[in-house]
Amino acid sequence: MFYLKYRPQTIEELDNTNVKDELKKILQSRRIPHALLFIGQKGTGKTSAARILAKAVNCSKNKFSGKGSDIEPCNNCENCKSISSGGSVDVVEMDAASNRGIDEVRGLIKESAFLPMNNRYRIFIIDEAHMITHDAFNALLKTLEEPPQSVIFILATTNLEKV
C-alpha cells in the first residue's frame, strides 16, 4: 500500500502546483470557505489535499492557532497526528460510493450540528460525492449552503457533471 505510506502530509508535498497554490491562497487569506469542491481523476490526491487542509486549519502550532507564522500543518501536535491516522472525531470521511442514501446523509447533517470536540473546525470529507443519490443531495444542499460556523464540507469527485 505505497499510496498510504507515501501520501503527502503538507501542502508543499502536493504534486499538483495549481492545487498547492490555491490551497496556499485560501489559507493565507484566513477566510476559509464553508464548502469546497475538489475535482480530478482517480489518484490525483483529492482526499490527501482534503486531509492536509483539515490539518492546516486545525493544527495547534501553526498560524491558525496563533502560535506560529506558517500555514503548513506541523504534523507533530495531537490534532495533526489524529487527523493523519484517521482517528480524529472532528474530521469525518464519508465514502459516498458506499453511503449514498438519504439516511446516511441525514446522519451527516445531524452530526454537523455538533461543535468540534478537540479542533477549531469539524471537517466533513465526502469522497466520491457524485455517487450521492438525488434525494440525498437535495437533503444535504441546505446544510452545504448554510452550515454552522465551525463546519467545513469538502466534496471530492471524479465526475463534476453528476454533482
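On a predicted model such as this, the values are computed, not experimentally measured, just so you know.

Visitor: Mind showing me how you'd approach helix H3 (residues 46-58) here?
Guide: Taking 1.5 Å per residue, 13 residues should reach 18 Å; H3 reaches 18 Å between its end C-alpha atoms and fits that length. With 13 of its 13 residues buried, H3 lies for the most part within the structure.

Visitor: Would you mind going over the packing of aromatic side chains with me for this structure?
Guide: For any pair of aromatic rings, geometry is given as the distance between the ring centres together with the angle between the planes. Applying the stated criterion to the full structure yields one aromatic pair. Centre to centre, the rings of phenylalanine 124 and phenylalanine 153 are 5.3 Å apart; their planes meet at 25°, and the pair counts as stacked. Here the residue phenylalanine 124 occupies a position in strand E3 (residues 122-127), and phenylalanine 153 occupies one in strand E4 (residues 151-157), the gap between them amounting to 29 residues. Accessibility classification places phenylalanine 124 together with phenylalanine 153 in one group, the buried group.

Visitor: Please clarify how a nonpolar patch on the surface should be interpreted in this entry.
Guide: Residues Leu37, Ile39, Leu160 and Val163 make up a contiguous nonpolar surface patch of roughly 310 Å² in combined accessible area. By relative accessible area, which is 47% here, isoleucine 39 ends up partly exposed.

Visitor: What's the story with the environment of threonine 133 in this structure? I'm lost.
Guide: Residue position: threonine 133 is located in the loop between E3 and helix H6 (134-145). Classification of threonine 133 by relative accessible area gives partly exposed; the value is 24%. Sequence separation of threonine 133 and glutamate 22 is 111 residues, and the distance between their C-alpha atoms is 29 Å. With residues near it in sequence (within four places) discarded, threonine 133 still touches Arg100, Gly101 and Ile102.

Visitor: How do you make sense of the packing of helix H5 (residues 102-112) against H6 when you look at a structure like this?
Guide: Pairs of packed helices are described in terms of their axes, by the angle between the two and the distance that separates them. At a minimum axis separation of 8 Å, H5 and H6 run at an interaxial angle of 15°. When the interaxial angle is binned, H5 and H6 end up roughly parallel. Pair H5 / H6 crosses with right-handed handedness. Together, Ile102, Val105, Leu108, Ile109 and Ser112 of H5 and Asp135, Ala136, Ala139, Leu140 and Thr143 of H6 make up the contact between the two elements. Its residues assigned to classes, the contact of H5 with H6 comprises seven nonpolar, two polar and one charged.

Visitor: Would you take a moment to explain the sheet that holds strand E1 (residues 35-39) for this structure?
Guide: Each strand in a sheet pairs with another by means of backbone hydrogen bonds, the pair being arranged parallel or else antiparallel. Pairing in this open sheet of four strands is parallel, and the strands run E1-E4-E3-E2 from one edge to the other. Two strands in the sheet have a free side with no partner beyond their single neighbour: E1 and strand E2 (91-95). In this sheet, adjacent strand axes meet at a mean angle of 15° when their direction is disregarded. When E1 meets E4, the two strands line up parallel, connected through five bridges. From the neighbouring strand, isoleucine 39 faces E4, where its bridge partner is threonine 157. Across the sheet, H5 lies against E2, E3 and E4, angled at about 165° from E3, the strand it touches most.

Visitor: Looking at this structure, how should I read the pairing of E3?
Guide: Along any regular strand the residues' side chains alternate between the sheet's two faces. With respect to burial, E3 is a largely interior element, five of its six residues being buried. Examined bridge by bridge, E2 and E3 share five bridges and lie parallel to one another. Across the sheet, the residue bridging to aspartate 95 is aspartate 127, located in E3. Where the polypeptide runs from E2 across H5 and back to E3, its parallel neighbour, the crossover connection is right-handed. For E3 and E4, the ladder comprises six bridges, and the chain directions are parallel. Its bridge partner being in E4, isoleucine 123 is matched across the sheet by isoleucine 152. Crossover handedness for the path E3 to H6 to E4: right-handed.

About the thresholds
- Every chain is numbered on its own, with residues counted from 1 as its sequence reads.
- The predicted nature of this model means local features are confined to residues of pLDDT at least 70 and side-chain atom pairs, given and counted, to a pLDDT of 80 or more, with totals for whole chains, interfaces and linings taken over all residues.
- Only hydrogens and water are set aside when side-chain values are computed; all heavy atoms of the structure are taken into account.
- Strands here are runs of E lasting at least two residues and helices are runs of H or I lasting at least four, both read from the DSSP assignment and numbered beginning at the N terminus.
- The span you would expect from a helix comes to 1.5 Å times its residue count less one.
- Partly exposed describes any residue whose relative accessible area lies between the buried limit of under 20% and the exposed limit of over 50%, with all areas from a 1.4 Å probe on protein chains only and scaled to the type maximum.
- Two aromatic rings from Phe, Tyr or Trp, using only the six-membered ring of Trp, form a pair when their centres are within 6.5 Å; if the ring planes differ by under 30 degrees the pair is stacked, by over 60 it is edge-to-face, and anything between is tilted.
- Like charges within 9 Å and nonpolar side chains (Val, Leu, Ile, Met, Phe, Trp, Tyr) within 5 Å are joined into patches, using only residues over 30% in relative accessible area that form no salt bridge.
- All accessible-area figures derive from a Shrake-Rupley calculation using a 1.4 Å probe, and residue coverage is judged against the displayed protein chains alone.
- Put simply, a salt bridge is a Lys or Arg side-chain nitrogen that is within 4 Å of an Asp or Glu carboxyl oxygen.
- Pairs of residues are marked as contacts when any of their non-hydrogen atoms sit within 4.5 Å.
- With axes taken as lines fitted to C-alpha atoms, and helix axes fitted only over the stretch in contact, angles between N-to-C directions fall between 0 and 180 degrees.
- Should an angle fall under 35 degrees it is taken as roughly parallel, and over 145 as roughly antiparallel, whereas 65 to 115 is taken as roughly perpendicular and any remaining angle as oblique.
- Crossing chirality is assigned from the near helix's rotation relative to the far helix, an anticlockwise turn below a right angle marking it left-handed and a clockwise turn marking it right-handed.
- Just so you know the grouping, Ala, Val, Leu, Ile, Met, Phe, Trp, Tyr, Cys and Pro go in nonpolar, Asp, Glu, Lys and Arg go in charged, and all remaining residues, Gly too, go in polar.
- Pairing between two strands requires that DSSP report at least two bridges joining them.
- With strands facing away from the observer, any crossover in which the path from the first strand over the helix to the second runs clockwise is taken as right-handed.

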